[in-house]
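# Structural overview
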Amino acid sequence: MAKPLLKATMLTVTALLAGLACQPDPGATPLPSWRDGPTKSAIVSFVERVTDPAHGDYRAPMERVAVFDNDGTLWAEQPMYFQLAYALDRVRALAPEHPEWASTEPFRAVIEDDREAMASFGMPELMAIIGATHAGMTITDFRTSARAWIDSTRHPHLERRYRDLTYQPMVELLDYLRANGFQVWIVSGGGIEFLRTFSQDAYGVPPERVIGSSTAVEYRVEAMGPVLVKLPKLGSLDDKEGKPVNINLHIGRRPILAFGNSDGDFQMLEYTTAGQGARLGLLLHHDDAEREWAYDRDSHIGRLDRGLDGAAERGWVIVSMARDFGEIFSPGPP
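Overview of the structure. Note that the coordinates shown come from a computational prediction; the quantities given were computed from them, not determined experimentally.

About the cut-offs
Residues numbered from 1 in each chain as written. Predicted model: local features only at pLDDT ≥ 70, side-chain atom pairs only at ≥ 80, totals over all residues. Heavy atoms only, no water. Helix = DSSP H or I, 4+ residues; strand = E, 2+ residues; numbered from the N terminus. Core = buried A, V, L, I, M, F, W, Y, C linked by side-chain atoms within 4.5 Å. Buried < 20%, exposed > 50% of the residue type's maximum accessible area, 1.4 Å probe, protein only. Contact = heavy atoms within 4.5 Å. Expected span 1.5 Å × (residues − 1). Arc of directions from axis to C-beta. Phe/Tyr/Trp six-rings, centres within 6.5 Å; stacked < 30°, edge-to-face > 60°. Lys NZ or Arg CZ within 6 Å of the ring centre and 35° of its normal.

## Remarks on unusual backbone geometry
- Cis peptide bonds are those with omega within 30 degrees of zero, and the linkage from Gln 78 to Pro 79 qualifies with 0 degrees.
- Following the sequence through the fold, Pro 79 ends up in the loop between strand E1 (65-68) and helix H3 (82-94).
- Cis peptide bonds are those with omega within 30 degrees of zero, and the linkage from Glu 105 to Pro 106 qualifies with 5 degrees.
- Mapped onto the secondary structure, Pro 106 falls in the loop between H3 and helix H4 (107-111).
- Of note, the phi angle at Leu 31 is positive, near 55 degrees, even though the residue is not glycine.
- Positionally, Leu 31 belongs in the loop between helix H1 (2-21) and helix H2 (38-50).
- Its identity as a non-glycine residue notwithstanding, Asp 113 has a phi of 55 degrees, on the positive side.
- Among the structural elements, Asp 113 can be located in the loop between H4 and helix H5 (115-119).

## Regarding the nonpolar core
- Grouped together as the largest cluster of nonpolar side chains are 52 residues, with contacts concentrated most on Phe 68 and Leu 173.
- Considering each element in turn, this core owes the most residues, 6 residues, to helix H8 (residues 168-179).
- Once residues lying within four places of it in the same chain are set aside, the contact partners of Phe 68 are Leu 74, Met 170, Leu 173, Leu 174, Leu 177, Val 184, Trp 185, Ile 186, Val 187, Leu 257, Phe 259 and Met 268.

## Brief notes about H2
- Look at H2: 18 Å from first C-alpha to last across 13 residues, which is about the 18 Å you get at 1.5 Å a residue.
- Along H2, the residues that are buried comprise Thr 39, Lys 40, Ile 43, Val 44, Phe 46, Val 47 and Val 50. For H2, the buried positions fall inside an angular range of 155 degrees around the axis, keeping them on one side. Summarising the geometry of H2, the exposed residues directed more than 90 degrees from the buried face are Pro 38 and Glu 48.

## Some thoughts on the packing of aromatic side chains
- Enumeration over the complete set of coordinates arrives at 16 aromatic pairs.
- Between the aromatic rings of Phe 82 and Tyr 162, the centroid separation amounts to 4.6 Å while the plane-to-plane angle is 70 degrees, which identifies the pairing as edge-to-face. With a gap of 80 residues between them, Phe 82 in helix H3 and Tyr 162 in the loop between helix H7 (139-152) and H8 connect regions that are remote in the sequence.
- Judged by its relative accessible area of 6%, Tyr 162 is buried.
- Cation over ring: Lys 230 sits above Phe 142, and NZ or CZ is 4.8 Å from the ring centre.

Have a look at this one:
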């Protein structure tokens, strides 16, 4: 009897210690990579109000849902979305198996690195590339391929691996919210399976809390057993109006905090902050040309125009990367 009792006691103690580890340290300075100022104060004040049972803005833990865009919000996105860079590398790798691509657009432009032609790509060209490079792969094979690329490939300008291009202040914010009882979700226009390959390691967000765009998927029973296979057609586009729709579909609750960086996130912030009670909408403004990039209204990637004009009247916070971020990128491994 002693051994089962000892084992039960140890499990209880372990559970208690794990619970204590998740509690915020009252002596710790929140968000150390954020510079002191109105933006950091607004975030900390909001979290303190909604987690204080004695405050009028208090929200029960089940209501503390926070949603974050990924590209340009949690990690960099210039000079092209990282999943597109992965797809272009896949075109080049698969080109020897498809000699017809040498004279077929948009593949010819990618193989020959015709940047002028690639700059004019629209949704039809992008879907053709995604379809040709992603379709036919099982979900497992796709995740393995995408993860290997993220872990090994270096950004052409920043000379860091793509996995090391997450924003340190944003990672701290995710941790801070979770320590205060928030449920954190990623709601991105990027591919859901691409995001799920690294969301846990990079952000502490498990794959079941990732919402993203998707291709259609088919269930098949093959020699190795049942598999899910990606098809060459769009399943769901998680952008603009699609974000609130998918938030309702997957979460079933209106968030109380939303953080984005572009006009593609406008409706997500609008939907979040239109609800009752204390709410917070934030937009990351890329205005630091020295440490990253400066872009907004005229950018073909992460365009922020309507959000800049409409933030003040909606009470949204514009987060300046130059002013509010003490550090930019998360430290990479030794």
